[in-house]
Amino acid sequence: MAVNKNSTGYTVTFAIILVTVCGTLLATLATVLKERQKANVSNEKRQFILVAAGAYKMEELKGMEQAQISEIFTDKITEDVFDVNGTSIAKEGITAFGIDIVKEYKSTKNDASIRKYPMFKFTDGDNVKYIIPMAGNGLWGPIWGFIALGKDQNTIEGVVFDHKSETPGLGAKIAEDKFQDLFTSSTKKIMSGDKYLSVNVVKGGLKNPEHEVDAIAGATITSNGVGAMLRSGFKPYMKAFGLAY
């Protein structure tokens, strides 16, 4: 018996089979690629931390295999996690690397007192850096950064910023060397004596150069977002270091 390809029944059956096959293929691909995507995200985080620590340039790390980067990270990096009062809360199930800083920021936006504050310590002989991840809001979406403090736990010695959707040529410049170098081309500190000042992003010139950097022209909201992120982000770590109360 010939199949009537012009019938409604044939069309519906064909559509059901096509949707089922495509859905199965997409579900299979999603499952297969999920672990690879997670590995890529973890690798990018390791890269950011090592770059902030000044251990490597991003171009060097992009030329390495993920396993090599993971081995370097394991050898040079130790972790801790603090609460808002600077008390270590690291334990089984709560690891610094396991904390997604953007998700943690979003989920605790209305109550920072319950936020977990991860920290990474880079050690290579006498070279010690404390890498602090933090997140905030830009103009169009989340922004985040990894800021390395030196052995004194106070002076900024490296930064890496990134974003999800800031405007190219404007707010997106937070991810460029020209802006990031402002934090290390001259001394920037978090504390002034026993007073917590952090580092702010300002327009119209620097009045307190050790605690300010110039904003990006034409990107006021993104610049303000970076400043707000930094002003609030360091305090728990300064408490953990015994520098602020």
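Draft legend 1. Local environment of the pattern of salt bridges. This structure, assessed with the given rule, holds five salt bridges. Ionic pairing is found between Asp124 and Lys76, a salt bridge with its closest N-O pair at 3.1 Å. One end of the pair, Asp124, is in strand 2 (residues 117-124); the other, Lys76, is in helix 3 (residues 66-76), and 48 residues separate them in sequence. On the basis of relative accessible area, Asp124 is assigned to the partly exposed category, the value being 38%. When salt bridges with common partners are traced through the structure, they connect Asp75, Lys76 and Asp124 into a single cluster.

Draft legend 2. Molecular detail of the packing of aromatic side chains. Within this structure, the stated rule accounts for 10 aromatic pairs. Between the aromatic rings of Tyr117 and Tyr237, the centroid separation amounts to 6.0 Å while the plane-to-plane angle is 85 degrees, which identifies the pairing as edge-to-face. Highlighted residues: Tyr117 in strand 2 and Tyr237 in helix 7 (residues 235-240), separated in sequence by 120 residues. Judged by relative accessible area, which is 1%, Tyr237 ranks as buried. Grouping aromatic residues by their ring pairs yields a cluster made of Phe73, Phe97 and Phe120. Cation over ring: Lys45 sits above Phe97, and NZ or CZ is 4.8 Å from the ring centre.

Draft legend 3. Representation of the nonpolar core in the model. Ranked by size, the top nonpolar core spans 32 residues in total, and within it Leu149, Phe161, Phe183, Val226, Leu230, Phe234 and Met238 carry the most contacts. Every residue in contact with Val226, bar those within four places of it in the chain, is listed here: Ile143, Phe161, Ile174, Phe179 and Val201. One finds Leu61, Phe120, Ile131 and Trp144 within the second-largest nonpolar core, a separate group that totals 27 residues.

Draft legend 4. Seen up close, the sheet that holds strand 2. Reading across from one edge, 1-2-3-4-5 is the order of the five strands in this open sheet, with antiparallel pairing throughout. A single partner strand is all that each edge strand has here, and the edge strands are strand 1 (77-82) and strand 5 (156-163). For this sheet, the mean angle separating the axes of adjacent strands, direction not counted, is 20 degrees. By the bridge criterion, eight bridges tie strand 3 (residues 127-137) to strand 4 (residues 142-149) in an arrangement that is antiparallel. Paired with Met134 across the strands is Gly145, a residue of strand 4. Of the strands in this sheet, strand 1 and strand 2 are in contact with helix 3, which crosses strand 1 at around 65 degrees.

Draft legend 5. Spotlight on the environment of Trp140. Structurally, the position occupied by Trp140 is in the loop between strand 3 and strand 4. Looking at Trp140, the relative accessible area reads 59%, which means it is exposed. Each C-alpha atom of the pair Trp140 and Thr222 lies 8.6 Å from the other, and the pair is 82 residues apart in sequence. Setting aside residues no more than four positions away along its own chain, Trp140 makes contact with Ser165, Glu166 and Thr167.

Draft legend 6. Layout of helix 6 (residues 220-233). With 14 residues, helix 6 should reach 20 Å at 1.5 Å per residue; the first-to-last C-alpha distance of 20 Å fits that figure. For helix 6, the full list of buried residues reads Thr222, Ser223, Gly225, Val226, Gly227, Met229, Leu230 and Gly233.

Draft legend 7. Spotlight on a nonpolar patch on the surface. Where nonpolar side chains cluster on the molecular surface, the patch consists of Ile17, Val21 and Leu25 and spans about 280 Å² of accessible area. When you line up the elements, Val21 lands in helix 1 (residues 8-52). Judged by its relative accessible area of 44%, Val21 falls in the partly exposed class.

Draft legend 8. Local environment of a negative patch on the surface. Together, Glu59, Glu60, Glu176, Asp177 and Asp181 give the surface a local cluster of negative charge. Topologically, Glu59 is positioned in helix 2 (residues 58-62).

Draft legend 9. Highlighting helix 3. Every buried residue of helix 3 is listed here: Ile69, Ile72 and Phe73. Mapping the buried residues of helix 3 onto a view down its axis gives an arc of 100 degrees, with all of them on the same face. In helix 3, the exposed positions angled more than 90 degrees off the buried face are occupied by Ala67, Glu71, Thr74 and Asp75.

Parameters at a glance
Residues numbered from 1 in each chain as written. Predicted model: local features only at pLDDT ≥ 70, side-chain atom pairs only at ≥ 80, totals over all residues. Heavy atoms only, no water. Salt bridge = Lys/Arg side-chain N within 4 Å of Asp/Glu carboxyl O. Helix = DSSP H or I, 4+ residues; strand = E, 2+ residues; numbered from the N terminus. Buried < 20%, exposed > 50% of the residue type's maximum accessible area, 1.4 Å probe, protein only. Phe/Tyr/Trp six-rings, centres within 6.5 Å; stacked < 30°, edge-to-face > 60°. Lys NZ or Arg CZ within 6 Å of the ring centre and 35° of its normal. Core = buried A, V, L, I, M, F, W, Y, C linked by side-chain atoms within 4.5 Å. Contact = heavy atoms within 4.5 Å. Pairing = 2+ DSSP bridges. Axes fitted to C-alpha atoms, helices over the stretch in contact; angles between N-to-C directions. Expected span 1.5 Å × (residues − 1). Patch = residues over 30% accessible without salt bridge, like charges linked within 9 Å, V, L, I, M, F, W, Y side chains within 5 Å. Areas by Shrake-Rupley, 256 points an atom, 1.4 Å probe, with all protein chains shown as cover. Lys, Arg positive; Asp, Glu negative; His and termini not counted. Charge placed at Lys NZ, Arg CZ, Asp CG, Glu CD. Arc of directions from axis to C-beta.

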